[in-house]
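Now for the letters of each chain:
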Amino acid sequence: MSLKARITDDMKAAMRARETARLGTIRLLLAAIKQKEVDERIELDDAAVSSIVEKLIKQRKDSISQFQAAGRDDLVAAEQAELVVLQAYLPEQLSAAEVEAAVNAAIAESGASSAKDMGKVMGLLKPRLAGRADMGQVSALIKARLAG
């Protein structure tokens, strides 16, 4: 079953169970998928759907940090609930040790020696780790490795 079909089935299940918060989040996700398909006139595959899920998760995390800074705990709770629903559609996340091993392998493979070579390393890692690791943390890890 494709990821998009799974999301649609989950929407139907949320409707039947009358889970309004979960249903709203899933509808938001489906709307983002549909918008991308209409804009580009294509049928999205699982990788493209995963990238949309990642984008929405990043938006939620940014919103949570801003709401916390503003002291809006009610909005923080709502965003965190959406975050939990969205994270269910990502593949299993890699452990810190697995990410570190992948970064070390990519640095060795690309022959990177300084921060200037960071783009080469990221170019190798992005397709390998997409959806399975936080690319912001991967970027910070690469910077630390290449600086030291």
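Details of the structure are given in the entry above.
Quick look at the structure, then.

About the criteria used
- Residues numbered from 1 in each chain as written.
- Predicted model: local features only at pLDDT ≥ 70, side-chain atom pairs only at ≥ 80, totals over all residues.
- Heavy atoms only, no water.
- Helix = DSSP H or I, 4+ residues; strand = E, 2+ residues; numbered from the N terminus.
- Buried < 20%, exposed > 50% of the residue type's maximum accessible area, 1.4 Å probe, protein only.
- Contact = heavy atoms within 4.5 Å.
- Areas by Shrake-Rupley, 256 points an atom, 1.4 Å probe, with all protein chains shown as cover.
- Lys, Arg positive; Asp, Glu negative; His and termini not counted.
- Charge placed at Lys NZ, Arg CZ, Asp CG, Glu CD.
- Axes fitted to C-alpha atoms, helices over the stretch in contact; angles between N-to-C directions.
- Left-handed = near helix turned anticlockwise from the far one by under 90°.
- Nonpolar A, V, L, I, M, F, W, Y, C, P; charged D, E, K, R; others polar.
- Salt bridge = Lys/Arg side-chain N within 4 Å of Asp/Glu carboxyl O.

So, the overall build of the protein chain
Here comes step 1: What the protein chain contains, in helices and strands, is seven helices and zero strands.
Here comes step 2: Each helix and strand of the protein chain, ordered N terminal to C terminal, gives the series α-α-α-α-α-α-α.
Here comes step 3: Each principal axis of the C-alpha atoms in the protein chain carries an extent, and together these give about 55 × 40 × 30 Å.
Here comes step 4: By residue count, 34% of the 148 residues in the protein chain fall in the buried class.
Here comes step 5: Nonlocal contacts in the protein chain, meaning residues at least 24 apart in sequence, comprise 54% of its contacts between residues at least 6 apart.
Here comes step 6: By element, 54% of the accessible surface of the protein chain is carried by carbon and sulfur atoms, the whole surface being about 9,000 Å².
Here comes step 7: A gap of 3 Å separates the mean positions of the 22 positive and 21 negative side-chain charges of the protein chain.

Quick word on unusual backbone geometry
Here comes step 1: The phi angle at Arg 18 is positive, at roughly 60°, despite the residue not being glycine.
Here comes step 2: Take Arg 18: it is sitting in the loop between α1 (3–17) and α2 (20–40).
Here comes step 3: Judged by its relative accessible area of 73%, Arg 18 falls in the exposed class.
Here comes step 4: The backbone of Arg 41 sits at a positive phi, close to 55°, despite the residue not being glycine.
Here comes step 5: Along the chain, Arg 41 turns up in the loop between α2 and α3 (46–70).

A closer look at the packing of α1 against α2
Here comes step 1: In the contact formed by α1 and α2, the axes pass within 9 Å of each other and the chain directions differ by 145°. Handedness of the α1/α2 crossing: left-handed. On α2, the residues touching Lys 4, Ile 7, Thr 8, Asp 10, Met 11, Ala 14 and Met 15 of α1 are Arg 22, Leu 23, Ile 26, Arg 27, Leu 29, Leu 30, Ile 33 and Glu 37.
Here comes step 2: Classifying every residue of the contact of α1 with α2 by side-chain character gives nine nonpolar, one polar and five charged.

Examining the pattern of salt bridges
Here comes step 1: Counting across every chain of the model gives twelve salt bridges.
Here comes step 2: Across the pair Asp 62 and Lys 58 runs a salt bridge, and its minimum N-O distance is 3.5 Å. Of this pair, Asp 62 and Lys 58 both sit in helix α3, four residues apart, which is roughly one turn of that helix.
Here comes step 3: What makes Asp 62 partly exposed here is its relative accessible area of 37%.
Here comes step 4: Put simply, Arg 128 and Glu 109 hold a salt bridge, and the shortest N to O gap is 2.8 Å. Of the two residues, Arg 128 sits in helix α6 (residues 118–129) while Glu 109 sits in helix α5 (residues 96–110), which places them 19 residues apart along the sequence.
Here comes step 5: For Arg 128, a relative accessible area of 36% puts it in the partly exposed group.
Here comes step 6: Where salt bridges share partners, they join Lys 4, Glu 37 and Glu 43 into one cluster.

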